[in-house]
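An overview of the molecular structure
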Amino acid sequence: MVTRDHLRHEMAIRRLTVSRTEQLTPAIVRITLIGDALDDFSASGPTDHVKVFFPDPATQVLTVPELRADGIHRPTDGVILSRDYTPRQFRAAAFGAAELDIDFVLHAPDAAHGDPTDPAGGGPASAWAAQAKPGDEIAVAGPRGSRLAPQDASEAVLIADETALPAFTRWLELLPASTRITALLDVADEEVEPYLSEEQTRRASVEWLYRIDGPGQLAEAVRSLEFEPETYVWAAGEASTLVPIRRYLKNEVGLRPDQLDVQGYWRRGIVNLDHHAPIDPSDPD
Ligand SMILES: Cc1cc2nc3c(=O)[nH]c(=O)nc-3n(C[C@H](O)[C@H](O)[C@H](O)COP(=O)(O)OP(=O)(O)OC[C@H]3O[C@@H](n4cnc5c(N)ncnc54)[C@H](O)[C@@H]3O)c2cc1C
């Protein structure tokens, strides 16, 4: 049995300010956020996520729900725009302001993986991140809880596309040194590779798969893996791509529920995917 402990955090909605931005790869930008509200921020699990609230692109007004003693209230005016993101790294205020990094994929529709019918060239979150500059304001809610990395898995297989690379690097940091890590990283092309440092690349046996080389490579790479009785598998990325992979791991390999976590982080053609809904409605968890 592979176990992941769970911690709950006090709910908080924090208004934060962009302190700096860093282009990590042509399509991934790191945005560092600061604000007094970060003082009690905590995110200790590899797959923790926050809800990020963005200004309405039409008015530039940031509308955020209000947290009161009796729960969360939506304001009567204003457009609430929010998306899920991974708190990539939090630095507590030991020697200055506390800082939170979030890494945003700047996506445009592309025939290989994006939505070619989407004329907007991405969504409001991606568009905001592409233009973000010091002084801009957003809000961050959560995380509500942390599912910690298992400490008892002999091996972990981690499968990620670009949107799941921030969580993937958290896995590298949070799994014990005794867990061997195999990673299948399904990305647009080789320009994404510098996202990982040399040290991170050394921590795992990493296979990069480029979508420009054609479809089906991820499924093929998964089928070539062998699994131990206590292997833990985490996969996150585009939901339609991961459904057949989840079916294979569950039904053909026979991984137990405690060994398998497959999360749709976005779905081609769907705005603001609800990742709490089953990734495969015909076979919910
Ligand atoms: C738990 C969790 C953690 C996440 N962590 C991160 C993270 O750390 N970094 C990150 O970048 N994303 C992360 N995501 C994914 C992110 O929430 C989605 O990509 C989100 O839809 C982006 O919002 P948007 O406003 O840009 O696009 P939306 O308005 O939601 O969608 C507009 C269009 O763009 C398409 N689309 C959405 N995302 C992509 C994409 N990546 N590539 C191509 N087309 C896309 C949609 O299918 C839709 O057609 C995470 C998601 C979850 C559930």
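Remember, it's a predicted structure, so these values are computed and weren't measured experimentally.

Focus on the site of the ligand
- The environment of the ligand is formed by 27 residues, the closest being Asp84, Val105, His107, Arg267 and Asn272.
- The backbone of Gly269 places a nitrogen or oxygen atom 2.9 Å from an oxygen atom of the ligand.
- At 3.3 Å, a backbone N or O of Ile270 approaches an oxygen atom of the ligand.
- Bound to the protein, the ligand loses 95% of the 930 Å² it would expose on its own.
- Elements represented by at least two residues in the shell around the ligand include exactly β7 (81-85), β9 (99-105), α1 (124-131) and β16 (260-266).
- When its residues are assigned to classes, the shell around the ligand shows 10 nonpolar, 10 polar and seven charged.

Comments concerning the sheet that holds strand β3 (residues 28-34)
- The sheet built from seven strands is open, its strands ordered β7-β4-β10-β2-β3-β9-β8 with antiparallel pairing. Every other strand in the sheet has two partners, leaving β7 and β8 (89-91) as the edge strands with one partner each. The sheet shows a mean angle of 35 degrees between the axes of neighbouring strands, taken without regard to direction.
- Pairing of strand β2 (residues 13-25) with strand β10 (residues 137-141), which is carried by five bridges, proceeds in the antiparallel orientation. Its bridge partner lying in β10, Leu16 is registered against Ile138.
- Lying on the sheet, α1 is in contact with β2, β3, β4 (50-54), β7, β9 and β10; it crosses β7 at an angle near 80 degrees.

Some words on the environment of Gly135
- Tracing the backbone shows Gly135 in the loop between α1 and β10.
- Leaving out residues up to four positions away in the same chain, Gly135 has contacts with Thr17 and Val18.

A few points about the nonpolar core
- In terms of nonpolar packing, the biggest core is built from 28 residues, with Leu158, Phe168, Leu185 and Trp234 touching the most fellow members.
- For this core, the elements supplying multiple residues, two or more each, are β12 (155-160), α2 (165-174), β13 (180-187), β14 (205-210) and β15 (231-238).
- It is α2 that contributes the most residues to this core, five residues altogether.
- Not counting chain neighbours up to four residues away, the residues in contact with Leu158 comprise Phe168, Trp171, Leu175, Ile181, Thr182, Ala183, Leu184 and Trp234.

Quick notes on the domain arrangement of the protein
- Taken as a whole, the protein is organised into domain 1 (6-141) and domain 2 (145-266).
- Computed from C-alpha atoms alone, the centre-to-centre distance between domain 1 and domain 2 is 24 Å.
- Between domain 1 and domain 2, the buried area comes to about 2200 Å², and carbon and sulfur atoms account for 58% of it.
- Linking domain 1 to domain 2 there are two salt bridges.
- A salt bridge links Asp48 to Arg170; the nearest nitrogen and oxygen atoms lie 3.9 Å apart.
- Where domain 1 packs against domain 2, one counts 10 residue pairs in polar contact (both at pLDDT 80 or more).
- Sorting the residues of the side of domain 1 that touches domain 2 by element identifies β1 (6-8), β2, β3 and β9 as the ones contributing at least two each.

Some remarks on the packing of aromatic side chains
- For the structure shown, the criterion picks out eight aromatic pairs.
- Taking the centre distance of 5.1 Å and the plane angle of 50 degrees together, the rings of Phe41 and Phe90 count as tilted. Residue Phe41 is located in the loop between β3 and β4, and its partner Phe90 is located in strand β8; the two are separated by 49 residues in the primary sequence.
- Note on Phe41: relative accessible area 5%, which makes it buried.

Some remarks on the pattern of salt bridges
- Overall, the coordinates contain 24 salt bridges when judged by the stated rule.
- In this structure, the salt-bridge partner of Glu66 is Arg68, at a minimum N-O distance of 3.2 Å.
- In this structure Glu66 comes out as partly exposed when scored by relative accessible area, which is 43%.
- Here Arg68 falls in the partly exposed class, since its relative accessible area comes to 41%.
- A salt bridge links Glu230 to Arg256; its shortest N-O distance comes to 3.4 Å. Separated by 26 residues along the polypeptide, Glu230 in the loop between α4 (217-223) and β15 and Arg256 in the loop between α5 (239-252) and β16 bring together distant segments of the chain.

Cut-offs applied
Positions within a chain are numbered from 1, following the residues in the order the chain's sequence is written. This being a predicted model, a pLDDT of at least 70 is required before a residue's local features are given, and a value of 80 or more before pairs of side-chain atoms are given or counted; all residues contribute to the totals for chains, interfaces and linings. The basis for every side-chain value is the complete set of non-hydrogen atoms in the structure, without hydrogens or water. Being near a molecule or strand, for a residue, comes down to having at least one heavy atom within 4 Å of it. Pairs of N or O atoms within 3.5 Å make up the polar contacts considered here, provided that, within protein, one atom can donate a hydrogen while the other can accept it, and that residues adjacent in sequence are counted only when both atoms are side-chain atoms. Per-residue and other accessible areas were derived by the Shrake-Rupley procedure at a 1.4 Å probe size, with only the shown protein chains allowed to occlude residues. Numbering goes from the N terminus for both helices and strands, where a helix is a DSSP run of H or I of at least four residues and a strand is a run of E of at least two. In the scheme used here, Gly and all other residues not listed as nonpolar or charged are polar, with Ala, Val, Leu, Ile, Met, Phe, Trp, Tyr, Cys and Pro taken as nonpolar and Asp, Glu, Lys and Arg as charged. When DSSP finds at least two bridges between two strands, those strands are taken to pair. Convention adopted: a line fitted to C-alpha atoms gives each axis, helices being fitted over their contacting stretch, and angles between N-to-C directions are expressed from 0 to 180 degrees. In this analysis, two residues are considered to be in contact whenever any of their non-hydrogen atoms come within 4.5 Å of each other. Throughout this description, the term nonpolar core refers to a set of buried Ala, Val, Leu, Ile, Met, Phe, Trp, Tyr and Cys residues connected via side-chain atoms within 4.5 Å. Here's how the labels work: a residue is buried when its accessible area is under 20% of the maximum for its type, exposed when over 50%, partly exposed in between, all with a 1.4 Å probe on protein chains only. Domain delimitation follows an automatic or database domain assignment. Buried area, as used here, totals the accessible surface that two parts lose on assembly, with accessibility defined by a 1.4 Å probe and the loss added over both. Salt bridge, as used here: a side-chain nitrogen of Lys or Arg that lies within 4 Å of a carboxyl oxygen of Asp or Glu. Stacked, tilted and edge-to-face pairs are distinguished by plane angle, under 30 degrees for stacked and over 60 for edge-to-face with tilted covering the rest, among Phe, Tyr and Trp rings (Trp via its six-membered ring) whose centres lie within 6.5 Å.

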